[in-house]
Amino acid sequence: MTRAHRSGHRTRWAAAVAVTALGAGTVRARRRLAALPVLDPAGPHAPAGPHAPAGPHDTAPPPLPGWQLITAPGVVADEATLGAAVAHATREGLRVVDLIPAHLDAESVLGLLRLLDPAAHRTDRCAPGQGAGHALLVAEDIHRRAGLDAEPPPQSVAGLIRLLRTLKEYAPDTTGWAIAPGLRSPHPDPARRAEELRARGLPPALLSAAQLAGLALLAKCALSQPRWGAAAAALYWLQPAAVLSPARGLRPAGLARATATRPLRSLSTALRTLATPPAEPPRVTGTAGHAAYTAELAAGTDRFFEPRRTDCPWCSAPDPVVRVRMPDLLQAKPGRFTLEECRHCGHVFQNPRLTPEGLDFYYRDFYEGLGGEGAALVLGRMSATYRDRAELLRPFTTPRNWLDVGTAGGHFCNTARGVWPATRFDGLDMGEGVHEAARRCWIDTAYQGQFPDLADRLAGRYDTVSMHHYLEHTRDPLAELDAAVKVLAPGGHLLIELPDPESRISRLLGPHWLPWFQPQHQHLMPAGNLKQALESRGFTVLAEQHGAAHQNNADFLGAVALTANRLAPDPLAPWATIPATRARRAARSAVQALAIPCYAAALALDNVRTAVARATDGGNAYRLLARKELG
């Protein structure tokens, strides 16, 4: 086959894939659109009452009893629309409702439907709150609990998008969406698209580069492969009309014009967004500020490490061997880390180990502070994993009092409530996020501190204790197991999930295997070691899962992300030791853009990897469920 034939063959396949993807996306968007309820302002609804709306209006509608209306500038809701919204919320048991203008422009609707599945997100307690960003109806108790009484209302669509993400956390299964025909809103401002994408947790430059690459591919396919290429280009061109005409309740402004000019509009929007200057880095002070990090790093990083030990911390066997060495690929903070493996028992451990001061330095701004939003986004996308963990107990017990150790922001407990609604869930963690989890009512009681230090206080209180990806973070995992023995009542259950250092893919990917997670992970125990430790403490192992515990996208997708971060770390990070010149910022953007096809390939590989892991009961993690025996 000649080079030209090979190129034509690849283009034909690319066009066929594009047709398939666009067709599936169109069907998905229509299905999601059909799931959006439409308010009926002419029907019976709740009367207006004594509460003023919280956003700026051209004409203020009557107040609402027990509710707050928060709107973006220029958005106007009439009395009938507000009454219908309150009636809908009351009827459906909702505490937060995102009101979508019926005349919202076509591209905004399509963009929202890519992110929002109304039926699934209503019941998915950890799904991020995505909305149109024009008007929010909020119950007063949620408004108060989220701390909005003392804050001014958002002054932009982006502000309302961020606010809905927060409110969904306070109303995890009582947030809904509805099309509001009587809601009037101004035309979208293209200059603010980058700001709105960032508010949704999406990278504007990366998405714009991907959009331009997609348009270029469609153009090439249309020119090179008239049949498949023209089909792909036509489907993309006509997608707004195919999804939104006719659409129940929606009447997008200028739909015909938006459809006819879609390629040019998409090109213009992507170029404009790409040219938008990056957001100013958040102003940070104190321990998170650049000056504080610079002063702390002036003394070097050697003081963050203990002396190297010459034996295994698990079985005391001598002369461990080096398994892998790496820098901090997560945040790119200075320092190098070594994981060593015991020749006798296979235990993998950080050697030399970080001191408590070192752990504080490397954890800082990861789960909270500057990195808090990103960490919450990742944790919020693991609902299926959380449900699987909670369901593991079903054949063995009905939990009543559950302590989740290392709960972070309480995401597992939030989801597990849907599996075990009668169970009391408490959470324990070192970070401040455990208190926010209590404010959101994701957990009932928050304990902040070290588990072994609190074990005597909590002795015998719980029939279930869970440690999900927690033990590997601790300085002494055996002491943590001893604490679990104290806290559990006789006959109680201990659920543990960990990365599996025996995973074959870990050797293939080396330092870029995400579950090494340096410098945070200090111990990685083979399943046999952990079972032996549990049995010696009076536990009986009831269930062991490997394939079911496999974490999708933690292998190849994680490797691409770590490699990209290694090649071009964020020069704006407050701990960066090199100047944030324009060239370095451009280099990071270029690396991230070039990584897009690598991410696509990695995603496909990870999906295959996950299917194989499920079928063979072998993956990158494992779970153990054990019962503390009586007596």
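Residues numbered from 1 in each chain as written. Predicted model: local features only at pLDDT ≥ 70, side-chain atom pairs only at ≥ 80, totals over all residues. Heavy atoms only, no water.

**Comments concerning the overall build of the protein**
- Secondary structure summary: the protein contains 24 helices and 17 strands in total.
- Rg of the C-alpha trace for the protein: 27 Å, near the compact-globule value of 25 Å for 631 residues, within the 12% margin.
- With the principal axes as the frame, the protein shows a C-alpha extent of 75 × 70 × 50 Å.
- Within the protein, counting contacts between residues at least 6 apart in sequence, those at least 24 apart form 75% of the total.
- Here the protein displays about 28,000 Å² of accessible surface, and carbon together with sulfur accounts for 58% of that area.
- The distance from the centre of the 69 positive side-chain charges to the centre of the 58 negative ones in the protein is 9 Å. (Helix = DSSP H or I, 4+ residues; strand = E, 2+ residues; numbered from the N terminus. Rg over C-alpha atoms; globule rule 2.2 N^0.38 Å. Contact = heavy atoms within 4.5 Å. Areas by Shrake-Rupley, 256 points an atom, 1.4 Å probe, with all protein chains shown as cover. Lys, Arg positive; Asp, Glu negative; His and termini not counted. Charge placed at Lys NZ, Arg CZ, Asp CG, Glu CD.)

**Overview of the pairing of strand β5 (residues 175-180)**
- Burial analysis of β5 places six of its six residues in the buried class, the great majority of the element.
- Residues Thr 175, Trp 177 and Ile 179 of β5 are buried on one face, and the alternating residues Gly 176, Ala 178 and Ala 180, pointing to the opposite face, are buried as well.
- Two elements, strand β3 (residues 96-101) and β5, share six bridges in a ladder whose sense is parallel. Bridge assignment links Asp 98 to a residue of β5, and that residue is Trp 177. (Buried < 20%, exposed > 50% of the residue type's maximum accessible area, 1.4 Å probe, protein only. Pairing = 2+ DSSP bridges.)

**Some remarks on the packing of aromatic side chains**
- Applying the stated criterion across every chain, the model contains 14 aromatic pairs.
- On the numbers, 5.4 Å between centres and 70° between planes, the contact of Tyr 293 with Trp 575 is edge-to-face. Residue Tyr 293 is found in helix α12 (residues 290-297), and its partner Trp 575 is found in the loop between α22 (556-567) and α23 (582-594); the two are separated by 282 residues along the sequence. Accessibility assignment for this pair places Tyr 293 and Trp 575 in one class, buried.
- Measuring from centroid to centroid gives 5.1 Å for Phe 337 and Tyr 362, while their planes differ by 85°, and the two rings are edge-to-face. With Phe 337 in strand β8 (residues 336-341) and Tyr 362 in helix α13 (residues 356-363), this pair connects stretches of sequence that are 25 residues apart. As far as burial versus exposure is concerned, Phe 337 and Tyr 362 are alike and both buried.
- An aromatic cluster is built from Tyr 293, Phe 304, Phe 305, Phe 337, Phe 361, Tyr 362 and Trp 575, whose rings are joined through pairwise contacts. (Phe/Tyr/Trp six-rings, centres within 6.5 Å; stacked < 30°, edge-to-face > 60°.)

**A short note on the sheet that holds strand β11 (residues 424-429)**
- Pairing is mixed across the open sheet formed by seven strands, whose spatial order is β12-β11-β10-β13-β14-β17-β16. With one partner strand each, in any of the chains shown, β12 (445-448) and β16 (539-545) form the two edges of the open sheet. Neighbour-to-neighbour, the strand axes of the sheet open up by a mean angle of 20°, direction not taken into account.
- Bridge count for β16 against strand β17 (residues 621-628) is six bridges, and the pairing is antiparallel. From the neighbouring strand, Thr 540 faces β17, where its bridge partner is Arg 627. (Axes fitted to C-alpha atoms, helices over the stretch in contact; angles between N-to-C directions.)

**With respect to the packing of α22 against helix α24 (residues 596-616)**
- Orientation of α22 relative to α24, taken along the N-to-C sense of each, is 150°, at an axis distance of 7 Å. Relative to α24, α22 is oriented roughly antiparallel. Here Phe 556, Leu 557, Val 560, Ala 561 and Ala 564 of α22 come into contact with α24, specifically with Cys 598, Tyr 599, Ala 602, Leu 603, Leu 605, Asp 606 and Arg 609.
- Split into classes, the residues belonging to the contact of α22 with α24 amount to 10 nonpolar, no polar and two charged. (Parallel < 35°, antiparallel > 145°, perpendicular 65-115°, else oblique. Nonpolar A, V, L, I, M, F, W, Y, C, P; charged D, E, K, R; others polar.)

**Here we look at the sheet that holds β8**
- Strand order in the open sheet formed by four strands is β7-β8-β9-β15, and the pairing between neighbours is antiparallel. The outermost strands of the open sheet, each flanked by one partner alone, are β7 (321-327) and β15 (523-524).
- The sheet contact formed by β7 and β8 spans six bridges and is antiparallel. Looking across to β8, one finds that Val 321 is bridged to Glu 341.

**A short note on the confidence of the model for the protein**
- The predicted model of the protein has a mean per-residue pLDDT of 90, with 94% of residues at 70 or higher.
- Below pLDDT 50 for its whole length, residues 46-60 participates in 48 contacts with residues either more than four positions away or in separate chains.
- Note on residues 283-287: pLDDT under 50 across the span, and seven contacts to partners over four residues away in sequence or across chains. (pLDDT = per-residue confidence, 0-100.)

**A word on unusual backbone geometry**
- Of note, the bond from Asn 351 into Pro 352 is cis; its omega dihedral lies within 30 degrees of zero at 5°.
- In this chain, Gln 518 is followed by Pro 519 through a cis amide linkage whose omega measures 15°.
- Residue placement: Pro 519 occurs in the loop between α20 (504-509) and β15.
- Phi is positive for Ser 316, which is not a glycine, with a value near 70°.
- For Ser 316, the position within the fold is in the loop between α12 and β7.
- With a phi close to 70°, Cys 441 is a non-glycine residue in the positive phi region.
- Taking the relative accessible area as the measure of exposure, Cys 441 reaches 43% and is therefore partly exposed.

**Side note on α22**
- Taking 1.5 Å of rise per residue, 12 residues should cover 16 Å, and α22 covers 16 Å from first to last C-alpha, within 8% of that figure.
- Phe 556, Gly 558, Ala 559, Val 560, Leu 562, Ala 564 and Asn 565 are the residues of α22 that are buried.
- Packed against the buried residues of α22 are α20, α23 and α24. (Expected span 1.5 Å × (residues − 1).)

**Description of the nonpolar core**
- By size, the foremost hydrophobic cluster in this structure holds 55 residues, and its most contacted members are Leu 33, Leu 99, Leu 136, Leu 137, Ile 142, Leu 167 and Leu 244.
- When neighbours within four sequence positions are excluded, Leu 99 is seen to be in contact with Leu 39, Leu 69, Ala 85, His 134, Ala 135, Ala 178, Ala 180 and Leu 183.
- If you look at the next biggest cluster of nonpolar residues, it comprises 35 residues, including Ala 317, Tyr 462, Tyr 470 and Ala 484. (Core = buried A, V, L, I, M, F, W, Y, C linked by side-chain atoms within 4.5 Å.)

**Quick notes on the pairing of strand β14 (residues 488-499)**
- Among the 12 residues that make up β14, nine are buried, leaving the element largely enclosed by the rest of the structure.
- Where strand β13 (residues 462-468) and β14 come together, six bridges link them in parallel fashion. The residue of β14 that forms the bridge with His 468 is Glu 497.
- Handedness of the crossover is the feature at issue here: the chain leaves β13, passes through helix α19 (residues 477-487), returns alongside β14, and the resulting connection is right-handed.
- When β14 meets β17, the two strands line up antiparallel, connected through seven bridges. Pairing of Leu 494 across the sheet is with Ala 626, part of β17. (Right-handed = clockwise from strand over helix to strand, strands pointing away.)

**Digging into the side chain of Asp 124**
- You can see Asp 124 is positioned in the loop between α4 (118-123) and β4 (135-139).
- Although Asp 124 is buried, it forms no salt bridge, and the closest oppositely charged side chain is Arg 387 at an N-O distance of 4.5 Å.
- For Asp 124, the side chain forms a polar contact with the main-chain nitrogen of Cys 126, separated by 3.1 Å.
- If sequence neighbours within four positions are ignored, Asp 124 has contacts with Lys 168, Pro 172 and Ser 383. (Salt bridge = Lys/Arg side-chain N within 4 Å of Asp/Glu carboxyl O. Polar contact = N/O pair within 3.5 Å; in protein donor to acceptor, adjacent residues only side chain to side chain.)

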